[in-house]
Amino acid sequence: MARSISYMTGSQLLSLKRRPNIAIVDVRDDERGYDGHIAGSLHYASGTFTDKIPDLVQEVQGKDTLVFHCALSQVRGPTCARRVVDYLAEKKEDAGIKNILVLERGFNGWEASGRPVCRCTDIPCKGNSA
Ligand SMILES: [Zn+2]
């Protein structure tokens with residue numbers, strides 16, 4: 001079953017991100033290293049994304065909602081989200097993932113709206129700090 005990708009706004013994400021069933025997937029490349037990131041987000045760089053989809057699906061076990069973003073969520077974020085949809089369709093399983101979303105305006109929009117940015121260098125980000 002083909003599924004569609006929806007968009008979610010930063011304020012929707014901010015109110016939902018503490019829920020344990022959501023994984024935020026940052027697909028920016030090197031920018032993540034110097035621009036900060038959304039606390040608790042996973043990092044799967046778009047450059048190597050396709051090869052790592054099985055790892056991603058493994059890592060998000062137990063989550064039913066994945067929210068993808070890149071810097072602007074115009075190209076890399078939606079492209080990677082689509083690749084996960086296609087991957088799951090091909091495998092004929094959903095791995096418990098019900099919703100695949102893209103964060104509107106990406107990380108840059110998130111930061112420009114004054115939402116909390118984490119600048120830790122932990123891999124993975126533990127998501128404690130603002
Ligand atoms: Zn962090």
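Structure report, in brief. Think of each chain on its own: its residues are numbered from 1, step by step along the sequence as written. With pLDDT at 70 or above as the cut-off, local features in this predicted model cover only qualifying residues; side-chain atom pairs require 80 or more to be listed or tallied, and sums for whole chains, interfaces and linings still use all residues. Based on all heavy atoms of the structure, the side-chain values leave hydrogens and waters out of the count.

## What to know about the coordination of the zinc ion
Move 1: Because water is not among the atoms used, a metal site may look incomplete, as its donors are only the N, O and S atoms within 2.8 Å, or 3.2 Å for Na, K and Ca. Coordination of the zinc ion by the protein involves His 37 (NE2), Cys 118 (SG), Cys 120 (SG) and Cys 125 (SG), with metal-donor separations of 2.1 to 2.3 Å.
Move 2: Seen from the zinc ion, its four donor atoms lie at angles of 103 to 116 degrees, and the figure they make is tetrahedral.
Move 3: Here His 37 falls in the buried class, since its relative accessible area comes to 3%.
Move 4: Residue burial is assigned from relative accessible area. The probe radius is 1.4 Å, only protein chains are included, and a residue is buried under 20% of its type maximum, exposed over 50%, and partly exposed in between. For Cys 125, a relative accessible area of 8% puts it in the buried group. For a four-donor site, all angles between 85 and 135 degrees give tetrahedral; for four or six donors, opposite pairs above 155 degrees with the remaining angles between 65 and 115 give square planar or octahedral; all remaining cases count as irregular.

## Some words on the pattern of salt bridges
Move 1: Each reported salt bridge corresponds to a side-chain nitrogen of Lys or Arg within 4 Å of a carboxyl oxygen of Asp or Glu. Applying the stated criterion to the full structure yields seven salt bridges.
Move 2: Note that Arg 28 and Asp 26 form a salt bridge whose closest N and O atoms lie 2.8 Å from each other. We note that Arg 28, like Asp 26, is buried.
Move 3: The partner of Asp 29 in a salt bridge is Arg 76, with the nearest N and O atoms 2.9 Å apart. One end of the pair, Asp 29, is in the loop between β2 (22-26) and α2 (31-35); the other, Arg 76, is in helix α4 (residues 76-91), with 47 residues separating them in the sequence.
Move 4: By relative accessible area, which is 22% here, Asp 29 ends up partly exposed.
Move 5: Judged by its relative accessible area of 23%, Arg 76 is partly exposed.
Move 6: Connected via shared salt-bridge partners are Asp 26, Arg 28 and Arg 32. Under the scheme used here, helices are H or I runs from DSSP no shorter than 4 residues and strands are E runs no shorter than 2 residues, and both carry numbers assigned from the N terminus.

## Remarks on the pairing of strand β5 (residues 99-103)
Move 1: The buried count for β5 comes to four of five residues, which makes it a mostly enclosed element.
Move 2: In this structure, strand β4 (residues 65-69) lies alongside β5, joined through four bridges in parallel fashion. Residue Thr 65 lies in a different strand from β5, and its bridge partner there is Asn 99.
Move 3: Convention used here: a crossover is right-handed provided that the path from the first strand, over the helix, to the second strand proceeds clockwise when the strands point away from the viewer. In this fold, the crossover linking β4 to β5 by way of α4 has right-handed handedness. In this analysis, strands are considered paired if DSSP registers two or more bridges between them.

## Focus: the state of the cysteines
Move 1: Sulfur atoms of two cysteines make up a disulfide when they are within 2.5 Å. Evaluated as defined, the whole model comprises zero disulfides.
Move 2: Of all cysteine sulfurs, the one in Cys 70 lies closest to Cys 80, which takes part in no disulfide; the gap is 7.9 Å.

## A short note on the sheet that holds β2
Move 1: Taken together, five strands build an open sheet; the order of strands is β1-β5-β4-β2-β3 and the sheet is parallel. Edge positions in the sheet fall to β1 (6-8) and β3 (42-43), since each of these pairs with one other strand and no more.
Move 2: Along the sheet, α4 contacts β1, β4 and β5; its crossing angle with β5, the most-contacted strand, is approximately 170 degrees. Note on contacts: a residue pair qualifies if any of its non-hydrogen atoms lie within 4.5 Å across the two residues. Note on geometry: axes are lines fitted to C-alpha atoms, helical ones only across the stretch in contact, with angles between N-to-C directions running from 0 to 180 degrees.

## Things to note about the nonpolar core
Move 1: With 22 residues, the main nonpolar core has Phe 49, Leu 56, Phe 68, Val 84 and Ile 100 as its most contacted residues.
Move 2: If you list the elements that add at least two residues to this core, you get β2, α3 (49-59), β4, α4 and β5.
Move 3: A total of five residues in this core trace back to one element, the largest contributor, which is α4.
Move 4: Setting aside chain neighbours within four positions, we find Leu 56 in contact with Val 25, Leu 42, Tyr 44, Phe 49, Phe 68 and Val 84.
Move 5: Nine residue types can take part in a nonpolar core, namely buried Ala, Val, Leu, Ile, Met, Phe, Trp, Tyr and Cys, and a core is a set of them joined through side-chain atoms within 4.5 Å. Core analysis: the second largest hydrophobic core is formed by eleven residues, Ile 38, Leu 101, Leu 103 and Val 117 among them.

What is shown is where atoms sit, not what they do.
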